[in-house]
Amino acid sequence: MSEKFAVDMIGCDGHGLCAELVPELVRLDEWGYPILAPAVVPPHLAGHARKAVTLCPKLALTLVPTRPR
Amino acid sequence: MITAAPLLSESSYWYLSRASGFVSLALFTASVVLGLLTAGRVSSAVWPRFVTQGLHRSVSLTTVAFLLVHVVSIVLDQFVDIGLLATVVPFVSGYRPLWVGLGAIVFDIILLLIITSVLRVRMKHHTWRWVHWLAYLGWPIALAHTVGIGTDRLWVVVVVTVSLLAVLAAGAVRLAGWRRVVAGRPL
Amino acid sequence: MNAPLRTRHDGRPRLLAGWAATGRGAALAEHAQANGPLPTGAAPHLADLATAAGLRGRGGAWFPTGRKLATVAEYGAKAGAAYVVVNGVESEPAAGKDKLLLRAAPHLVLDGAELAAMAVGATEVTVAVHRGTGLAASVGAAIAERAAYRWGSGLPVTVVEPPRWYVSSESTAVANFVGGGPGKPRAESAYRHGVKGKPTLVSNAETLAHLALIARHGPDWFREAGTVEAPGTALFSVGGAVRRRAVYELPVGATGEDILRMAGGAVEPLAALLVGGYGGSWVGLDALARPFTPEGLRPIGASPGAGVVIALPVGACGAAETVRVASWLASQNARQCGPCFNGLPAIADDLARITWGRDVAALSRLRLRLGVVNGRGACAHPDGVVRLVASALTVFSDDIDSHLAGNGCAGLWRQPVLAVPQPPDVSEGWR
C-alpha cells in the first residue's frame, strides 16, 4: 500500500522529531515547522515513518493512503 | 514490624517490595524528567528529540513493570496487612493506611497514564493531554508515599532529594521552553 | 451609492432592483410584490436547478453551487443532520457588497437560505453578519417580519456576529463560531465537518440571493446574463481612484473597463488594479480589456474573488500600499499554524525593507519565503498574502528596482489608497 505523509498544521507545534527521524522526506522551515515531500514513502523508510507518526508529541503527523499514479 | 525468624521467604517479599519501590520511584522520576525535557524541546547535535521522547516512553513502561513487582510483592507479604483492594482503593489497608493510601493513589494515576498513552492514537489529543497532566499530581504523591512509609536510612533521603532537584531543574527547562514557544506567536 | 444602476443585460439589476428604485431596503411586502411567494416546490431539486443555471459561489471561490448543495445533502443524509450558514460576515475591508445586499434585499438572502435548508435537510439556519454594523438588528427585524406573516419554511433562523478578525469570515471559521467554538478556521471542510461536526452548507449571502431568484425564474432566465462558464450578474465593490466608490451590479463577463466606467471612470491616470480583495492580486492595465471572470483573469494569475476592484493611481506607490496591507493581514492570523504566524510577519517585514530600506538581500529572501509559506497553513489565509505580495513583485517590478537603487518614490508619502482598519483589539477575542 502506498502512503505519504500528511500533517495537521493546527496541531503541529514544530517539535521537529519527524525531521530527525525521516530527513529524506521531511525538512524544517526556518521556524521549525515541517515541509513534507509529496513523495510516496519508500519501503525501506516505512518503519521510520511509522515511528515518526507514533512519536510526534502532538500526534499531528499521519500517513495517508495515496492513489498510485 | 515483626520478622518471624524461620520463614525467610516471607520477609523476602518485604525487602523485594521495598527495593522495587525505590527503583520505581527512581524510574518514575526519570520518566517525569524526560517528559519535561520533551515538552521543553531540549536537543543537541548528538542528542535528537526523538531519543528523549522514545526514552520517556520506554522508561515509563519499565516504571510500570517495577511498580507491579512492588505492588504484588507487598500484597503477598504476610506480615503487613495490605490486601489487593488496598493497592487501588486508598486508605483501606490495615497497615499504615495513610501512607499506603497515597501509594494506591499513585498506582491508580500511573495505570491511567499508561493506559491512555498506549491508546493515545485512539482518542482526541486534547483528552489525552488533560489526563497526562495527572503526572504532575502523581509524582509528588509518590515522593510523599516514599518518605512517609519509612525513611529510616540516610541513602533514602539522598535519593529522594536528588529526585526532587532533578524534577525541579527539568521543570525550569520546560517553562523556559514554553515561554519561547509562546513568544513566537504575535500578540 | 445613488448612482443609476445599469447592466448589460436588459438594463435592469436583479439583486439591487428594489434598492435602485427606492434607495432603501425592501420590506417583506415589497419583496413579495416584486418577487412572488417563496417557491418551496423548487427545494427538492434545488441542486439541479443551481447546476443547470451554472450558479457559482460569490464568496470568492466561484465554486459551483449546485455541486455544493448536492454534497451537503448527501453527507447530511449519512450523518443524520445538516446545517445552513449564511456567510454575510465580509471581513474583507475593501468589500461592501454583502453588507449592502443584507440591507437592500434581506428577504432574497433569507429565501435562498431557507430553500437551501430544505434542499439539504437542515433543521436550522444561521445568518452570520459583521459585528458592529447594525446588521444583526436589521436582519433580525427581517426574520421577525417573516415569522409574523408566516412567510418561509418555518425553520428557526438566528443571527450571529463572529469576531472582526479577517480570518473569521472564512467558511470553516464561521461554522466553528456558529457551533459554539472560536471564530478560527479549521482544517476540515465545512461540508464534511462544520457546525458541531455535522455537514454544513456555508454559502455567501449574494449566492443565496441569486438562488432565491433562480428558484422563481428558472435556470434559463439566470443564464440570460453573464458568460457560459459564469452566468448571472454579480456585485462588485469598486474603490480607489474612481469617481464614485460604491457597490455595483453588473453581468458577469463585464470587463475591467466596464466596471470602472460604472463607477464614473478613473479620476487620475492609473498604474494598476487590485482585484479580488486584499488577499487577491495586483494586475496591470492590460487586464482592463479582459472580462473579470475566473476564466478571463486566470491567464494573468488573478481572480475576481469576491468582486473587489480597486484602482491604483500613478501617483501612489504600489509597493508601499502592499506593505501596509500585508502587515495588516499578517496581524490577522488565527495563531494556529507556524508557517503563517511566523511567515506572514517575516514576509511583510522583507517587503518593508525593500520598499523603504534598499535591502537587496531581502528580495531574494522574500521570494524564498513566499515559496515556503504558500499552502502550508490549515486555511488559505497565508496563500492570499503570498498572492498579493508575489503579484506586487511582478506588477511593480520597475518601481521596486527603482526603490532598491535608491531613487526614492513620491508615492511613499501620499495618502494611502488601500485603507486598513484598526486591528481588532486583543479584547475582541475569538468568540
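Residues numbered from 1 in each chain as written. Chains lettered and ligands numbered in written order. Predicted model: local features only at pLDDT ≥ 70, side-chain atom pairs only at ≥ 80, totals over all residues.

Enquirer: Before we move on, could you go through the overall build of chain A and cite the residues and values that matter?
Expert: Along its length, chain A carries 2 helices and 4 strands. In chain A, the succession of helices and strands from N to C terminus is β-α-β-β-α-β. Summarising its shape, the C-alpha atoms of chain A cover approximately 30 × 20 × 20 Å along the three principal directions. The 69 residues of chain A split such that 35% are buried. Residue pairs at least 24 apart in sequence account for 57% of intrachain contacts in chain A once pairs closer than 6 positions are excluded. (Helix = DSSP H or I, 4+ residues; strand = E, 2+ residues; numbered from the N terminus. Buried ≥ 20, exposed ≤ 12 C-beta atoms within 10 Å, placed from the backbone. Contact = placed C-beta atoms within 7 Å.)

Enquirer: Any chance you could break down the overall build of chain B for me, citing the residues and the numbers?
Expert: Within chain B, the secondary structure is distributed over 6 helices and 0 strands. Residues classed as buried in chain B amount to 27% of the 187 residues present. Taking contacts inside chain B between residues at least 6 apart in sequence as the whole, the part at least 24 apart equals 61%.

Enquirer: Please provide a residue-by-residue account of unusual backbone geometry, values included.
Expert: Its identity as a non-glycine residue notwithstanding, Arg41(B) has a phi of 55 degrees, on the positive side. Relative to the elements of secondary structure, Arg41(B) occurs in the loop between α1 (8-39) and α2 (49-76). In the Ramachandran plot, Arg335(C) falls in the positive-phi region, its phi being about 60 degrees despite a non-glycine side chain. By the element assignment, Arg335(C) lies in the loop between α13 (318-331) and α14 (338-357).

Enquirer: Before we move on, can you summarise the pairing of strand β3 (residues 157-160) of chain C with the specific residues and values?
Expert: Residue and element names in this part refer to chain C. Residue alternation in β3 divides its side chains into a buried set, Val157 and Val159, and an unburied set, Thr158 and Val160. Direction of pairing for strand β2 (residues 125-129) relative to β3: parallel, over a ladder of 4 bridges. By the bridge assignment for β3, Val125 is matched with Val157. Handedness of the β-α-β unit built from β2, helix α7 (residues 135-148) and β3 comes out right-handed. (Pairing = 2+ DSSP bridges. Right-handed = clockwise from strand over helix to strand, strands pointing away.)

Enquirer: Would you mind going over the interface of chain A and chain B in detail, with residue names and values included?
Expert: Facing 11 residues of chain A, the contacting portion of chain B comprises 11 residues. With 3 residues, helix α1 (residues 17-21) of chain A is the largest single contributor of residues to the side of chain A that touches chain B. Among the residues forming the side of chain A that touches chain B, the class breakdown is 5 nonpolar, 3 polar and 3 charged. (Nonpolar A, V, L, I, M, F, W, Y, C, P; charged D, E, K, R; others polar.)

Enquirer: Give a detailed account of the pairing of strand β5 (residues 233-240) of chain C, specifying residues and quantitative values.
Expert: Residue and element names in this part refer to chain C. The element β5 is largely enclosed, with a buried count of 8 among its 8 residues. Here β5 shows no split at all, with Thr233, Leu235, Ser237 and Gly239 on one side and Ala234, Phe236, Val238 and Gly240 on the other all buried. Of the strand pairs in this sheet, β5 and strand β6 (residues 246-251) are connected by 6 bridges, and their pairing is antiparallel. By the bridge assignment for β6, Ala234 is matched with Leu250. Taking the residues that link successive antiparallel strands as the turn, the β5-β6 hairpin has 5 residues.

Enquirer: Describe in detail the sheet that holds β3(C), supporting the description with residues and values.
Expert: Residues and elements named next belong to chain C. Judged by pairing direction, the sheet is parallel, and its 4 strands sit side by side in the order β3-β2-β1-β4 without closing on themselves. The open sheet has two free edges, formed respectively by β3 and β4 (200-204), since each of these has just one partner strand. Sheet twist, expressed as the average angle between the axes of neighbouring strands with direction ignored, equals 20 degrees. Sheet contacts for helix α6 (residues 106-120): β1 (83-88), β2, β3 and β4; angle to β1, the most-contacted strand, approximately 155 degrees. (Axes fitted to C-alpha atoms, helices over the stretch in contact; angles between N-to-C directions.)

Enquirer: Residue-level account of the environment of Leu250(C), with values.
Expert: Considering the arrangement of structural elements, one finds Leu250(C) in strand β6. Note: C-alpha distance between Leu250(C) and Ala234(C) (16 residues apart in sequence) is 5.6 Å.

Enquirer: Tell me about the sheet that holds strand β7 (residues 270-275) of chain C, and please be specific about residues and values.
Expert: Residue and element names in this part refer to chain C. With respect to topology, 5 strands assemble into an open sheet ordered β6-β5-β9-β7-β8, the strand pairing being mixed. Two strands close off the open sheet at either side, each with one partner strand: β6 and β8 (281-283). Neighbouring strand axes in the sheet, compared pairwise and without regard to direction, differ in orientation by 30 degrees on average. Pairing between β7 and strand β9 (residues 308-313): 5 bridges, direction antiparallel. Among the inter-strand pairings, Leu273 is bridged to a residue of β9, identified as Ala311.

Enquirer: Requested: an account of the nonpolar core, with residues and values cited.
Expert: Inside soluble globular proteins, nonpolar side chains tend to come together where they are buried. Residue and element names in this part refer to chain C. If you look at the biggest cluster of nonpolar residues, it comprises 160 residues, and the most contacted ones within it are Val85, Val109, Ala116, Val120 and Ala326. Broken down by element, this core gets its largest block of residues, 9 residues, from α6. Split by domain, this core shows at least three residues from each of two domains, domain 1 (17-223) and domain 2 (318-413). Those residues in contact with Val120 that lie beyond four places of it in its chain are Leu69, Val72, Ala73, Gly76, Ala82, Val84 and Leu201. (Core = buried A, V, L, I, M, F, W, Y, C linked by C-beta atoms within 7 Å. Domains from an automatic or database assignment.)

Enquirer: Hey, could you go over the environment of Ala77(C) for me, with residue numbers and the actual values?
Expert: Looking at where Ala77(C) falls in the secondary structure, it is placed in helix α4 (residues 65-79). Once the C-alpha coordinates of Ala77(C) and Val120(C) are considered, the two residues, 43 residues apart in sequence, prove to be 8.1 Å apart.

Enquirer: Now, about the packing of α6(C) against helix α9 (residues 205-217) of chain C: what can you tell me, with residues and values included?
Expert: All names here are of chain C. It is at 7 Å that the axes of α6 and α9 come closest, and there the two elements cross at 75 degrees. Judged on the interaxial angle alone, α9 and α6 are roughly perpendicular. Only Ala205, Leu208, Ala209, Leu211, Ala212, Leu213 and Ala215 of α9 make contact with α6, whose side of the interface consists of Leu108, Val109, Asp111, Gly112, Ala113, Leu115 and Ala116. Within the contact of α6 with α9, the residues separate by chemical class into 12 nonpolar, 1 polar and 1 charged. (Parallel < 35°, antiparallel > 145°, perpendicular 65-115°, else oblique.)

Enquirer: Describe in detail α9(C), supporting the description with residues and values.
Expert: All names here are of chain C. Taking 1.5 Å per residue, 13 residues should reach 18 Å; α9 reaches 19 Å between its end C-alpha atoms and fits that length. For α9, every residue scored as buried is listed here: Ala205, Glu206, Thr207, Leu208, Ala209, His210, Leu211, Ala212, Leu213, Ile214 and Ala215. At the exit of α9 stands Gly218, carrying a positive phi of roughly 90 degrees. (Expected span 1.5 Å × (residues − 1).)

Enquirer: Hey, could you go over the confidence of the model for chain B for me, with residue numbers and the actual values?
Expert: Residues and elements named next belong to chain B. Taken residue by residue, chain B gives an average pLDDT of 84. The fraction at 70 or more is 87%. Confidence scores differ between elements of chain B, with helix α6 (residues 154-183) showing the lowest mean pLDDT of 76 and α2 the highest of 93. Of the regions scoring below 50 in pLDDT, residues 4-8 engages in 1 contact with residues more than four places distant in sequence or in other chains. Here the prediction assigns the complex a pTM of 0.89, and the interface score ipTM is 0.93. (pLDDT = per-residue confidence, 0-100.)

Enquirer: Which residues make up the environment of Ile82(B), and what are the values?
Expert: Residues and elements named next belong to chain B. On the secondary structure map, Ile82 appears in the loop between α2 and α3 (97-118). Residue Ile82 is classed as buried on the basis of its C-beta count, with 22 C-beta atoms lying within 10 Å. For Ile82 and Leu168, which are 86 residues apart along the polypeptide, the C-alpha to C-alpha distance reads 33 Å. In this structure, Ile82 is in contact with Ile74, Val75, Ser93, Tyr95 and Val100, ignoring residues within four places of it in sequence.

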